[in-house]
Amino acid sequence: MLQALCSFLIENKIREFADEFQVLYPSVTIELEVVSGYDEMKGATIQDINGGVVPTMTVGYPDHFAEYLITKSIIALDNFIEDENVGYSEEEMNDFLPGYIKENRQFDNAGSYVGLPFNKSTEALFYNVEFFEEFGLEVPKTWDEMEALCARIMEIVPTLEDNQYSWLGSIKTNLANGEFIPCLYDSGGNLFTTIIHQFGGKYTESIYKSNGIVDVQKGNLGFPTSPEAKEALTYLQGLASKGYFNMPDSMELSYGSYAYNVGKCIMNIGSTGGSGYYSDAICSTAVAPIPYKDANHKNVIQQGTNVCIMSQASDLQKLAAWLFIKHMLTPENTAEFAIVTGYMPVRQSAYDLPEYLDFLEGPTTAAKVHQATAKYAQEGYEYFVDAAWAGSSNVRTECQTAISQILVDKANIETALQEAVNRIG
């Protein structure tokens, strides 16, 4: 049984892969269990583990895998990978995007594979292309360029007059009502970790036991004592104080895409998996890489789940699960999955397939998203991986609260960070 968190599109695509696989292997039956919500899926899996009825394979985040490792409920995939009959060659393993692989090898010094990448996304800058064209603006590459651009936008907006773009009036009205900010950032948790990495600071660190195995029940917090973290948050707080940049919380909204759609911002940084949320925007939307601090710190977050095999399965079930993983992760299938769902291919060769290149030429926002994310590899961005342990998602939750306090409430940075540490415990 494969347990998966699925949207309608993801569920349908996985079912198609399962149908194809069962034609190839008629003796294998795949039962797909759909669970709504990542926390719910982790909870259901842990309940299954405790109850002794566990799915053969599942998908999840690294902190999920850390919890499963406590009870030794998932297996290392190394024996399958290295098998001369059903494994991957060195060339094939090198075809997986390195950042995605690194995330799955963080739980011991040996770099054992606890999973392989499945559905992956990152973040991108969505922007009002007509506004940029109308006023001769350039998409910012660095945070300094973003700051200068936002200053320029705040000069332009009060002078707007209605012309061929009806939405210009909406933007000016939003400004008059105190509901306009040039740029928003959807996820406070992602912003917290990304900006710290871009300033060369530390967020979390793994603790290694004497046997070389990561302690999956606890880790170290790097940000409370990192001067680079304080520098990064001070910089962002400065942008927020000038009214240039903030989070959707500042407008009592959950997502910046809504603010963007109605002209409350010109730019929004959000998940590449959420391109469909911009379909109702009052303007045309273009997509670009997120800004970075400087050429030596071009960090961007990787998001999404990995797939693993549960230890309680029989040997034959594990083999069938492995073969199904390989089927879903062929270059052709990971490209097809990306085209249909909006997620990113996990194999480098998938980006060069004719069907994927044809998709990139399309006019959709989803295609523009993939064009933008392709630039991450071309322009030397680094997908970063944060240390994970059981419950480390709570660190992210409390840091999201802290950055909201820092940017929205203008709280003292040291105080907000210390309060976050106290809540984490």
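For the structure, check the block above.
Residues numbered from 1 in each chain as written. Predicted model: local features only at pLDDT ≥ 70, side-chain atom pairs only at ≥ 80, totals over all residues. Heavy atoms only, no water.

Side note on the overall build of the protein
To keep it simple, the criterion reads: Each helix is a run of H or I in the DSSP string that is no shorter than four residues. Each strand is a run of E no shorter than two, and both are numbered from the N terminus. For the radius of gyration, the atom set is restricted to C-alpha positions; the globular benchmark scales as 2.2 Å times the number of residues to the power 0.38. Summary of the burial criterion: residues with accessible area below 20% of their type's maximum are buried, those above 50% are exposed, and those between are partly exposed, where the area comes from a 1.4 Å probe applied to protein chains only. Should any heavy atoms of two residues lie within 4.5 Å, those residues are counted as being in contact. Residue burial considers only the protein chains on display, and all accessible areas are found by Shrake-Rupley using a 1.4 Å probe. We treat Lys and Arg as the positive residues and Asp and Glu as the negative residues; His and chain ends play no part in the count. Charged side chains are reduced to one point each, which is NZ for Lys, CZ for Arg, CG for Asp and CD for Glu.
Helix and strand content of the protein: 18 helices and 14 strands. In summary, the protein has a C-alpha radius of gyration of 22 Å against a globular reference of 22 Å for 425 residues, a match within 12%. Seen along its three principal axes, the alpha-carbon backbone of the protein occupies a region of about 70 × 50 × 35 Å. Burial analysis of the protein (425 residues in total) assigns 56% to the buried set. Counting contacts in the protein only where the partners sit at least 6 residues apart, residues at least 24 apart contribute 74% of the total. Accessible surface, the protein: about 18200 Å² in total, of which carbon and sulfur atoms supply 48%. Here the protein contributes 26 positively and 56 negatively charged side chains, and the mean placements of these two sets differ by 5 Å.

Here we look at the side chain of E130
Selection criterion: One speaks of a salt bridge when a side-chain nitrogen belonging to Lys or Arg is within 4 Å of a carboxyl oxygen belonging to Asp or Glu. Whenever a nitrogen or oxygen atom comes within 3.5 Å of another N or O atom, the pair is scored as a polar contact, on the condition that within protein one atom can donate a hydrogen and the other can accept it, and that pairs from neighbouring residues in sequence are kept only if both atoms are in side chains.
Locating E130 in the fold gives a position in helix α7 (residues 129-134). One buried charged residue, E130, forms no salt bridge at all, with the nearest opposite charge on K368 at 8.6 Å. Within the structure, the side chain of E130 is placed 2.7 Å from the side chain of S284, a separation counted as a polar contact.

Concerning the packing of aromatic side chains
Note the threshold: Under the pairing criterion, centres of Phe, Tyr and Trp rings, with the six-membered ring standing for Trp, must be within 6.5 Å; the plane angle then separates stacked pairs below 30 degrees from edge-to-face pairs above 60, leaving the rest tilted.
Applying the stated criterion across every chain, the model contains 25 aromatic pairs. Summarising the aromatic geometry, the rings of Y88 and W322 are spaced 5.6 Å apart at their centres and angled 75 degrees between planes, so their arrangement reads as edge-to-face. Taken together, the residues Y88 in the loop between α4 (78-82) and α5 (90-94) and W322 in helix α13 (residues 315-328) connect sequence positions 234 residues apart. Y88 sits in the buried class, given a relative accessible area of 9%. For W322, a relative accessible area of 0% gives the class buried. Ring geometry for Y100 versus Y383: centroids 5.8 Å apart, planes at 40 degrees, classification tilted.

A few points about the sheet that holds strand β6 (residues 183-185)
Selection rule: Two strands pair under a simple rule: DSSP has to find at least two bridges between them. Between N-to-C directions, angles span 0 to 180 degrees; the directions come from axes that are lines fitted to C-alpha atoms, helices contributing only their stretch in contact.
One open sheet holds the five strands; their spatial order is β9-β6-β10-β5-β11, and the pairing between them is mixed. One side of each edge strand has no neighbouring strand; the edge strands of this open sheet are β9 (245-246) and β11 (285-288). Strands β5 (123-128), β6, β9 and β10 (267-271) of the sheet are contacted by helix α8 (residues 143-156), whose axis makes an angle of about 135 degrees with β10.

Let's talk about the nonpolar core
Applicable threshold: Buried residues of nine kinds, namely Ala, Val, Leu, Ile, Met, Phe, Trp, Tyr and Cys, make up a nonpolar core once their side-chain atoms join them within 4.5 Å.
L116, F131, F223, L236, F245 and M267 are the most contacted members of the largest nonpolar core, which totals 121 residues. Residue contacts for F131: discarding those within four places in its chain leaves L137, I153, I156, V157, L160, W167, L168, I171 and I266. Counting eleven residues, the second-largest nonpolar core is a separate cluster that includes V54, A66, F107 and V216.

A few points about the environment of I74
Turning to its location among the elements, I74 is positioned in the loop between α3 (62-70) and α4. Looking at I74, the relative accessible area reads 7%, which means it is buried. Distance from I74 to T56, taken between C-alpha atoms, is 9.5 Å for residues 18 residues apart in sequence. Beyond its immediate chain neighbours, meaning those up to four positions away, I74 contacts F65, Y68, L69, V114, C308, I309, M310 and S311.

Brief notes about empty space enclosed by the protein
Which entries qualify depends on this criterion: Using a grid of 1 Å spacing that covers the protein atoms alone, one calls a set of points a cavity when a 1.4 Å probe fits there but cannot get out, and a pocket when the set is open and has protein on both sides within 12 Å along at least five of seven lines; lining residues are those with an atom within 4 Å of a point. Grid points are joined across faces, edges and corners, and a volume is the space filled by probe spheres set on the points. Only Asp, Glu, Lys and Arg are considered charged, only Ala, Val, Leu, Ile, Met, Phe, Trp, Tyr, Cys and Pro nonpolar, and every remaining residue, Gly among them, polar.
Considering all chains together, one arrives at one cavity of 30 Å³ or more under this definition. One number sums up the size of the largest cavity: a volume of about 30 Å³. Taken together, N128, I171, Y260, G263, C265, I266, I282 and C283 make up the lining of the largest cavity. Along the lines of polarity and charge, the residues of the lining of the largest cavity split into six nonpolar, two polar and no charged.

Details of the side chain of K120
For K120, the position within the fold is in strand β4 (residues 116-121). A polar contact of 3.1 Å, which involves the side chain of K120, links it to the side chain of N306.

Section: unusual backbone geometry
The phi torsion at K72 lies on the positive side, around 55 degrees, for a residue other than glycine. Assessed through its relative accessible area of 67%, K72 is described here as exposed.

Comments concerning the pattern of salt bridges
This structure, assessed with the given rule, holds 13 salt bridges. The salt bridge partner of E16 is K13, with a shortest N-O separation of 2.6 Å. Here E16 and its partner K13 are both found in helix α1 (residues 8-24), three residues apart, which amounts to about one turn of the helix. Taking relative accessible area as the criterion, K13 reaches 4% and is therefore assigned buried.

This is a description of form; function is not addressed.
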